[in-house]
Amino acid sequence: MLVIRRLMRKVVKVQNSFLFIGSIAMILFASYLVVAVEKETFPTFFDALWWVMTTVTTVGYGDYFPVSVEGRLIALFLYIFGIGLIGIVIGKVVDSFSSFRIKREEGKIVFKEKDHYIIIGWSQKAKFAVNEIVKTMPSAEILIIDNLDKAPLLEENVHFLKGHASETEVLEKANIKQAKAVLIFADDKITDGQLNDGRTLLIASAIESFAPNVHTVVEVMEEAHIKNFVHVKVNEFIISNETISSLFVRSAFHEGMSKLYGQLLRRSVGEDLFHIPTSPDWKTYKDAFNALLEAGATLVADRDDLSINRSLHKEIPADAKLFAICDESTYQKLIQKIS
């Protein structure tokens, strides 16, 4: 028994790939030997394979069993070595799954998916952003980057990478060059707006240096700091403090304003703002406006230009990005019709 125990200890240290290949080879070779020595008991190779598998993984079902001395010697070998070897293999598999789960929780991963959404900086706002992405596109892959000890949220398509987003190694692990978009949130723990925006600027600069073509959306605490981002190719800014304050004041002056903003910002409530692909039949903004109005949607903007209702006679440029207000069902019908 001491010899067997020592042998098993050495087997445990063997590389997983070699161990798996050796286990498969042992099972196939044992099946071949059983067929060779007991053709009548095991008429086919599959029958022998079935018996070997039930022997090394359980105590056997009794539907097949060797009757010759040679067959029983093979069975003894499987009892002594085969069961132990397969037990080690199963243990390795279980350990691998457990290790993978722990690595996911601790953020020790290398993300290899493409067209994913990266959220930098975990906060309540970031949590709402994750929920909004999932509601809008349930199949989207989301990667959270933060220096937390454990993942703040883990789902099938929500992942966590621990580290500082300003470090190239972390950005490389996040596969940021292949990302669909990056959302940089302000740090709730930093109360000084200048320091907070300084942190954001550092991260945005690192991203620009490493992945200049990725679409980047940044939360800025103070509008006056946007000029400091001029050398960084940030695609869009969300001004946190000013936006909330402006909404408060407008709601105080005009009752119902907050509900209007709420409908446009939350996909689950009322009408929503949708990107509408241009149709080949639309030559001017008026063509698009009338076609959308007939379908139950209202054309409101081309990118950030909200004045197109005063420019309906103008031709729609090739790079136009039209936005309209409508409900989900109308949007789906429009997409089917245009495509």
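Residues numbered from 1 in each chain as written. Predicted model: local features only at pLDDT ≥ 70, side-chain atom pairs only at ≥ 80, totals over all residues. Heavy atoms only, no water.

Here we take up the sheet that holds strand S7 (residues 272-276). One open sheet holds the 3 strands; their spatial order is S7-S9-S8, and the pairing between them is antiparallel. In the strand order of this sheet, the two ends are held by S7 and strand S8 (298-302), each with one partner. The average angle at which neighbouring strand axes cross in this sheet is 35°, direction not considered. Sheet topology note: the S7/strand S9 (residues 322-326) ladder contains 5 bridges and is antiparallel. Looking across to S9, one finds that Ile276 is bridged to Leu322. (Pairing = 2+ DSSP bridges. Helix = DSSP H or I, 4+ residues; strand = E, 2+ residues; numbered from the N terminus. Axes fitted to C-alpha atoms, helices over the stretch in contact; angles between N-to-C directions.)

As a further point, take the pairing of S9. For S9, the buried fraction is high: 4 of the 5 residues fall into the buried class. Examined bridge by bridge, S8 and S9 share 4 bridges and lie antiparallel to one another. Among the inter-strand pairings, Thr298 is bridged to a residue of S9, identified as Ile325. (Buried < 20%, exposed > 50% of the residue type's maximum accessible area, 1.4 Å probe, protein only.)

Looking now at helix H7 (residues 193-210). Since the α-helix packs 3.6 residues into each turn, any two residues three or four apart lie on the same face. The end-to-end C-alpha distance of H7, which contains 18 residues, comes to 26 Å, matching closely the 26 Å that a straight helix rising 1.5 Å per residue would cover. The N-cap of H7, judged by a side-chain oxygen 2.8 Å from the amide nitrogen of Gln194 a few residues on, is Asp192. (Expected span 1.5 Å × (residues − 1). Polar contact = N/O pair within 3.5 Å; in protein donor to acceptor, adjacent residues only side chain to side chain.)

It is worth spelling out the pattern of salt bridges at this point. Applying the stated criterion across every chain, the model contains 6 salt bridges. Linking Asp188 and Lys125 is a salt bridge whose minimum nitrogen-to-oxygen distance equals 3.8 Å. Taken together, the residues span a long stretch of sequence, with Asp188 in the loop between strand S4 (181-184) and H7 and Lys125 in helix H5 (residues 124-136) at a distance of 63 residues. Judged by its relative accessible area of 46%, Asp188 is partly exposed. Its salt-bridge partner being Lys189, residue Asp187 comes within 3.3 Å of it at the nearest N-O pair. For Asp187, a relative accessible area of 17% puts it in the buried group. Taking the relative accessible area as the measure of exposure, Lys189 reaches 66% and is therefore exposed. Each of the salt bridges in this network shares a partner with another, and the network as a whole consists of Lys125, Asp188 and Glu219. (Salt bridge = Lys/Arg side-chain N within 4 Å of Asp/Glu carboxyl O.)

Here we come to the nonpolar core. Counting 27 residues, the largest nonpolar core has Ile118, Ile120, Ile145 and Ile207 as its most contacted members. Taken together, the elements giving at least two residues each to this core come down to strand S1 (117-120), strand S2 (142-146), helix H6 (168-173), S4, H7 and strand S5 (215-220). Among the elements that take part in this core, H7 stands out by supplying 5 residues, more than any other. Setting aside anything within four residues of it in sequence, one finds Ile118 in contact with Leu143, Ile145, Ala174, Ile176, Ala179, Ala181, Val182 and Leu183. Membership of the second largest hydrophobic core comes to 18 residues, among which are Ala30, Val34, Val35 and Phe42. (Core = buried A, V, L, I, M, F, W, Y, C linked by side-chain atoms within 4.5 Å. Contact = heavy atoms within 4.5 Å.)

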